Amino acid sequence: QVQLVESGGGLVQAGGSLRLSCAASGSIFSTNAMGWYRQAPGKQREFIARITSGGFTNYADSVLGRFTISRDNAKTAVNLQMNSLKPEDTGVYYCAALNRGTYSPKIWGQGTQVTVSS
């Protein structure tokens, strides 16, 4: 059974940085794209970034140039480096294993809170 466990969230001032990590168990990590989503208070969950098994990346316009997604195949983990954080980046960040072809979320992690103070 696949499990995704996020870590690295916390409280940071605007302009600061955080690094999120998602540890994946099971074989899905090696075959499927992985993604990060976030859900701000009172808003729908939104796509942030994804990385394919081959290392190709895509980002939401709102984080392009500030966030970097990467894979650590040895540790079966996907990371999200977040720089130049803004208060509007506040929310619960979720890791997801994505369906092959459609890149829709298949399996979710439990989420980790990120709070950016102004």
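See the structure above.
Below, the structure is looked at part by part. (Residues numbered from 1 in each chain as written. Predicted model: local features only at pLDDT ≥ 70, side-chain atom pairs only at ≥ 80, totals over all residues. Heavy atoms only, no water.)

1. Observations concerning the side chain of Arg66
Working step 1: Looking at where Arg66 falls in the secondary structure, it is placed in the loop between β6 (57-59) and β7 (67-72).
Working step 2: Setting aside anything within four residues of it in sequence, one finds Arg66 in contact with Gln81, Met82, Asn83, Ser84, Leu85, Lys86 and Asp89. (Helix = DSSP H or I, 4+ residues; strand = E, 2+ residues; numbered from the N terminus. Contact = heavy atoms within 4.5 Å.)

2. Concerning unusual backbone geometry
Working step 1: Phi angles above zero are rare outside glycine, and Ser84 is one such case at about 50°.
Working step 2: Exposure remark for Ser84: the relative accessible area of 41% places this residue in the partly exposed category.
Working step 3: The residue Tyr103 is not glycine, and still its phi comes out positive at about 60°.
Working step 4: Judged by its relative accessible area of 31%, Tyr103 is partly exposed. (Buried < 20%, exposed > 50% of the residue type's maximum accessible area, 1.4 Å probe, protein only.)

3. Some remarks on the pattern of salt bridges
Working step 1: By the definition in use, this model includes three salt bridges.
Working step 2: A salt bridge links Glu46 to Arg38; the nearest nitrogen and oxygen atoms lie 2.7 Å apart.
Working step 3: Residue classification places Glu46 among the partly exposed positions, given a relative accessible area of 34%.
Working step 4: In this structure Arg38 comes out as buried when scored by relative accessible area, which is 5%. (Salt bridge = Lys/Arg side-chain N within 4 Å of Asp/Glu carboxyl O.)

4. Quick look at the state of the cysteines
Working step 1: Here the structure, examined in full by the defined rule, presents one disulfide.
Working step 2: A disulfide bridge connects Cys22 with Cys95, and the sulfur atoms are separated by 2.1 Å. Residues Cys22 and Cys95 are joined through a disulfide that is left-handed, its torsion about the S-S bond being -75°. On the criterion of sequence distance, the pair formed by Cys22 in strand β3 (residues 18-25) and Cys95 in strand β9 (residues 91-98) is long-range, its members being 73 residues apart. The residues Cys22 and Cys95 share a single accessibility class, namely buried. (Disulfide = S-S within 2.5 Å.)

Coordinates in, geometry out; function isn't part of it.
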